[in-house]
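Coordinate analysis (summary)
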Amino acid sequence: MSFVTIRVRVDPDNIDGGVIDGAADLLRGGGLVAFPTETVYGLGCLAEDSVAVDRVFAVKERPQHDPLIIHVTRSMDLTGVVAEQSALFRSLAARHWPGPLTMVVPRGPRIPPTVTAGLATVAIRAPAHPIAEALIEAVGAPVAAPSANLFGRVSPTTADHVLEDLAGRCDLVLDAGDTTLGIESTVVRLESDHVVVLRHGALPVDELDVECIEGSARDSESPGQAVRHYSPLTPMAVMDPRNRVPLPPDGGVYLGYDETARPMPEGWEFFPLGSRSSLPGVAARLYRVLRSIDGRQPTMIVAELTSRAGLGRAIDDRLTRAASGHVLGA
Ligand code: TXA
Ligand code: MG
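Here's what I pulled together on the structure shown here. Note that the structure is a prediction, hence the values are computed from the model and not measured. (Residues numbered from 1 in each chain as written. Chains lettered and ligands numbered in written order. Predicted model: local features only at pLDDT ≥ 70, side-chain atom pairs only at ≥ 80, totals over all residues. Heavy atoms only, no water.)

**Comments concerning helix 1 (residues 17–28)**
Across its 12 residues, helix 1 extends 16 Å between first and last C-alpha, which sits within 8% of the 16 Å expected from 1.5 Å per residue. Val 19, Ile 20, Ala 23, Ala 24 and Leu 27 are the residues of helix 1 that are buried. Buried residues along helix 1 cover an arc of 135 degrees about the axis, so they all sit on one side. Summarising the contacts, the buried residues of helix 1 are in contact with strand 1 (6–9), strand 2 (33–35), strand 3 (42–46), helix 4 (130–139), strand 7 (143–144) and strand 8 (172–175). In this structure Asp 16 caps helix 1, since a side-chain oxygen of it lies 2.9 Å from the backbone nitrogen of Gly 18. Looking one or two residues beyond helix 1, the residue adopting positive phi is Gly 30, at roughly 95 degrees. (Helix = DSSP H or I, 4+ residues; strand = E, 2+ residues; numbered from the N terminus. Expected span 1.5 Å × (residues − 1). Buried < 20%, exposed > 50% of the residue type's maximum accessible area, 1.4 Å probe, protein only. Arc of directions from axis to C-beta. Contact = heavy atoms within 4.5 Å. Polar contact = N/O pair within 3.5 Å; in protein donor to acceptor, adjacent residues only side chain to side chain.)

Listed below in structure tokens is the structure:
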């Protein structure tokens, strides 16, 4: 463990090469560096260094059976990183990388089994963020990075969130302000002519242009998808807008949308997540809102599902997991 975590401001529009080189040196030396991506902040280490990988699991308090995503650049040679680059892999990468699409494919010999929790597959993506891209480029090798939060907590979309969970547990945080997309990447397992959706995320699956089959919750190939995940500390439930029920009498915070704003019963405060007709905005502020409301320690949080397709799937998935699957009135 590190005792002090250094935080350095970085400007994505005017990157300080010295800071990036210093961060890359830390990673090559076995250090842990939290960095921004377009989705959420990641806690990075050198993917080929299994000692550093073990430290990532330890500082996040993450169970050993939950594998990490490795981060690469578009131009990196993936020989030995993935076992094979199928036609589907190459076409999805050409179309969606850099971007919030994580592909689960056969693991290559350069990636130690600690990264993938012993699985024969590896999850890989090329993030679209100038700082992440510059850092991975400077390292010149794949960077393993789970979201930079304690296991089970809400993912970090600012450097402050990272430090709330990991101060003293990593060497450096590269602070580039708020991430733009705000929820994690979409994770799909590639088959020969279709994909299996393991996690809905920032890239709506209808934009993939390939047949998508829903992974089952019991799918042992989807080890990180426990129902309780992304959770605030406050008790939380979701409400399906098609099945409105009375709010519990003890009061709390109600997360709704501009379109569903209405007078609240005694003890309840309405808090808008944004407009349901602008779901990217809702996704971008979701985790910040959950963390800030959590800090106020209300009696409970009730969040209304978007009940929308596309990005709404991912938002509703995160809200439901944050509520540990608890649906009001169900
Ligand atoms: O947007 C993101 O994906 C962020 C940023 C930092 O890139 N990363 C992220 O990582 O969300 P993490 O570790 O919090 O979530 C990774 C997910 C987990 O649900 C894990 O189980 C799944 O990907 N995963 C990783 N490797 C896998 C594999 N070989 N097979 C199936 N699922 C895998
Ligand atoms: Mg995570």
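**Here we look at the packing of aromatic side chains**
As enumerated under the stated definition, the model contains 2 aromatic pairs in all. Where Phe 89 meets Trp 97, the ring centres are 5.7 Å apart and the plane angle is 90 degrees; that geometry is what we call edge-to-face. For the pair shown, Phe 89 and Trp 97 are each scored as buried. (Phe/Tyr/Trp six-rings, centres within 6.5 Å; stacked < 30°, edge-to-face > 60°.)

**A look at the pairing of strand 9 (residues 186–190)**
In terms of burial, strand 9 is a largely internal element, 5 of the 5 residues being buried. Neither face of strand 9 is exposed, since Thr 186, Val 188 and Leu 190 on one face and Val 187 and Arg 189 on the opposite face are all buried. Direction of pairing for strand 5 (residues 101–106) relative to strand 9: parallel, over a ladder of 4 bridges. By the bridge assignment, Thr 102 is partnered in strand 9 with Val 187. Where strand 9 lies against strand 10 (residues 195–199), 4 bridges are found, and the strand directions are antiparallel. For Arg 189, the partnering residue across the bridge sits in strand 10 and is Val 196. In textbook terms, the turn of a hairpin is the stretch between consecutive antiparallel strands, and for strand 9 and strand 10 this stretch comprises 4 residues. (Pairing = 2+ DSSP bridges.)

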